[in-house]
Amino acid sequence: MPRLTFLPSQKFTEVEPQTKILLGGRKAGVDIRFGCAACRCGMCGVRIVAGQETLSPMKSTEVELLRRLKLTTDGSVRLACQARLDGDCTVDLDFQDTYNPDDSFDDDED
Ligand code: FES
């Protein structure tokens, strides 16, 4: 089963393939900031440290939301409520402290 590791705590868990990072976090006992769990609020962005290639491809809704948040869409940042893993993956949760969805949504939407 895929192994999902969280930084900086280094807590990890093994999950069924296609498990979302958000659910894996709950299983591992780590706090991932999130809100809607449905690709709307943008609160659940995490940085992918390793295993980016094992994650499900981004859907257009995830790409659009990352753009609104002014976050990269190169795959190194994913929404934990959307990305599913099929192999070992390491996720940095400190990244969540680097942006505030409320700030981004106050701006113009282009
Ligand atoms: S929890 Fe709202 S976008 Fe992921």
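Worth saying up front: this structure is predicted, and the values here are computed from it rather than measured. (Residues numbered from 1 in each chain as written. Predicted model: local features only at pLDDT ≥ 70, side-chain atom pairs only at ≥ 80, totals over all residues.)

Caption draft 1: Region of interest: the overall build of the chain. Along the backbone of the chain there are three helices and seven strands. Tracing the chain from N to C terminus, the helices and strands come up as β-β-β-α-β-α-β-β-β-α. On C-alpha atoms alone, the chain measures out to a radius of gyration of 13 Å, which is about the 13 Å that the 2.2 N^0.38 rule sets for 110 residues. Principal-axis analysis of the C-alpha atoms places the extent of the chain at approximately 40 × 25 × 20 Å. Counting all 110 residues of the chain, 30% fall into the buried class. The long-range fraction of contacts in the chain, counting pairs at least 24 apart against all pairs at least 6 apart in sequence, stands at 67%. (Helix = DSSP H or I, 4+ residues; strand = E, 2+ residues; numbered from the N terminus. Rg over C-alpha atoms; globule rule 2.2 N^0.38 Å. Buried ≥ 20, exposed ≤ 12 C-beta atoms within 10 Å, placed from the backbone. Contact = placed C-beta atoms within 7 Å.)

Caption draft 2: Summary view of the sheet that holds strand 1 (residues 3-7). The strand order across the open sheet formed by five strands is 2-1-7-4-5, and the pairing between neighbours is mixed. Each having just a single partner strand, strand 2 (11-14) and strand 5 (77-79) make up the two edges of the open sheet. On average, each strand axis in the sheet is inclined to that of its neighbour by 35°, with strand direction left out of account. With four bridges joining them, strand 1 and strand 2 adopt antiparallel strand pairing. Within strand 2, the residue paired with threonine 5 across the bridge is phenylalanine 12. (Pairing = 2+ DSSP bridges. Axes fitted to C-alpha atoms, helices over the stretch in contact; angles between N-to-C directions.)

Caption draft 3: Representation of the environment of serine 76. Its place among the elements puts serine 76 in the loop between helix 2 (60-68) and strand 5. Linking serine 76 and lysine 11, residues 65 residues apart in sequence, is a C-alpha distance of 20 Å. Among residues more than four places away in sequence, those in contact with serine 76 are Arg47, Ile48 and Gln52.

Caption draft 4: Unusual backbone geometry, seen in detail. The linkage connecting leucine 7 with the following residue, proline 8, adopts the cis geometry, with an omega of 5°. In this fold, proline 8 is placed in the loop between strand 1 and strand 2. With phi around 65°, glutamine 10 is a residue other than glycine that occupies positive phi space. Mapped onto the elements, glutamine 10 comes out in the loop between strand 1 and strand 2.

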